[in-house]
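This is what each chain is made of:
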Amino acid sequence: MFPNNTDIIAQYISEIVQKFKGLRSNKKIIFDSGQTVVTPIIKEILSRLTLNFKLLTEPRGLNPLVEDGYKNICEAVIREKADLGVLWDGDCDRVVFIDKTGKLIPQSYILGIIAKNYKKAAFDMRAGLAAYTTDYIITPSWAQNLKYAMQDDPKIGFAGEVSGHLIFREWYGIDDGIFGALKFIELMGDLDIKSNYIDIIEENFEYKTDPALVLDKIADYYRSKDFLVSVLDGVTVSSGEFHLNIRQSLTEPFLRLNLEARTQGKINLIHDEICSLV
């Protein structure tokens, strides 16, 4: 006989609380679950942990990477003088983080902080320079590809995607945003996350011609400049100074750019190049 939904939820909450019962942090943390189906679960879990926190449950957008999704928590972090913000999407399989200045922390930076605690990690093609803090492999974008990689390679203890999916072998190899948030808080310890990163999180470009032709044009341009170019998932260009991935969205009529660089000048240069090519 299968347990009813109440039993499953109670078991989940109990297991999460048991996993993080020793979690301590001197940081003030703002959590934002919005008005979603997971809010009652998050409330119960946080009530059983020893954290200095405030939970936001006001209506907001469900995508944590766009302004109507993260605006509330960014303002709350500044207003409450919090050290960290934690924000989930509508079904809680993605989680993103806000620094104490109210700025969205680039996901590559989050991936790197987590990954250095594992012998091997897997990232999607969009992950940038800050993620590479341990031995790693790269997969095409889509969280399921990271799960496949983890299943195929027992050395991979963590996998992450820049959209906010965090996958841990120790937690059934699934992308659970609640577990991912608490695990990040545990691993970051007393680390003071400062706004010293330069990143274009995700920018959409409308295309006027066949997107495949646009991507070919971008790939040819960077090959002509002797950069290492991959076309495994869109176009990915890497160097010691920048990392970019531009690919066709599977759900919207856009080409989607993820770009990271070590200096603002390099960001501006590469961004201008992409704009001219698109």
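Structural data are supplied above this passage.
Calculation rules
Residues numbered from 1 in each chain as written. Predicted model: local features only at pLDDT ≥ 70, side-chain atom pairs only at ≥ 80, totals over all residues. Heavy atoms only, no water. Core = buried A, V, L, I, M, F, W, Y, C linked by side-chain atoms within 4.5 Å. Buried < 20%, exposed > 50% of the residue type's maximum accessible area, 1.4 Å probe, protein only. Helix = DSSP H or I, 4+ residues; strand = E, 2+ residues; numbered from the N terminus. Polar contact = N/O pair within 3.5 Å; in protein donor to acceptor, adjacent residues only side chain to side chain. Pairing = 2+ DSSP bridges. Contact = heavy atoms within 4.5 Å. Axes fitted to C-alpha atoms, helices over the stretch in contact; angles between N-to-C directions. Right-handed = clockwise from strand over helix to strand, strands pointing away.

## Here we look at the nonpolar core
- Counting residues in hydrophobic clusters, the biggest one holds 45 residues, and the most contacted among them are V86, F97 and F158.
- Ranked by residue count, the leading element in this core is helix α6 (residues 177–188), at seven residues.
- Counting 20 residues, the second-largest nonpolar core is a separate cluster that includes I218, L257, I274 and L277.

## Let's talk about the environment of S276
- Structurally, the position occupied by S276 is in helix α8 (residues 264–277).
- Taking the C-alpha atoms as reference points, S276 and I218, 58 residues apart in sequence, are found 9.8 Å from one another.
- Among the polar contacts listed, one links the side chain of S276 to the backbone oxygen of E273, at a separation of 2.7 Å.

## Some points on the sheet that holds strand β5 (residues 120–124)
- Taking strand neighbours across the sheet as the criterion, the five strands line up as β6-β5-β7-β8-β9 in an open arrangement whose pairing is mixed. Of all strands in the sheet, those bounded by a partner on one side alone are β6 (135–139) and β9 (174–175).
- With three bridges connecting them, strand β7 (residues 156–160) and strand β8 (residues 166–168) associate as antiparallel partners. Bridge pairing in β8 places A159 opposite I167.
- Helix α5 (residues 143–152) rests against β5, β6, β7, β8 and β9 of the sheet, and its axis sits at about 175° to β7.

## A look at the sheet that holds strand β2 (residues 52–56)
- Pairing in this open sheet of four strands is mixed, and the strands run β2-β1-β3-β4 from one edge to the other. In this open sheet, the two edge strands, each paired with only one partner strand, are β2 and β4 (95–98). Looking at each pair of strands side by side, their axes are set apart by 20° on average, direction ignored.
- The pairing of strand β1 (residues 28–32) with β2 spans five bridges and is parallel. For D32, the partnering residue across the bridge sits in β2 and is L56.

## A few points about the pairing of β1
- With four of five residues buried, β1 lies mostly within the body of the structure.
- For the crossover that starts at β1, traverses helix α2 (residues 39–47) and ends in the parallel β2, the hand is right-handed.
- Both β1 and strand β3 (residues 84–88) contribute to a ladder of four bridges, which runs parallel. For F31, the partnering residue across the bridge sits in β3 and is V86.

Everything listed is a geometric property; what it means functionally is a separate question.
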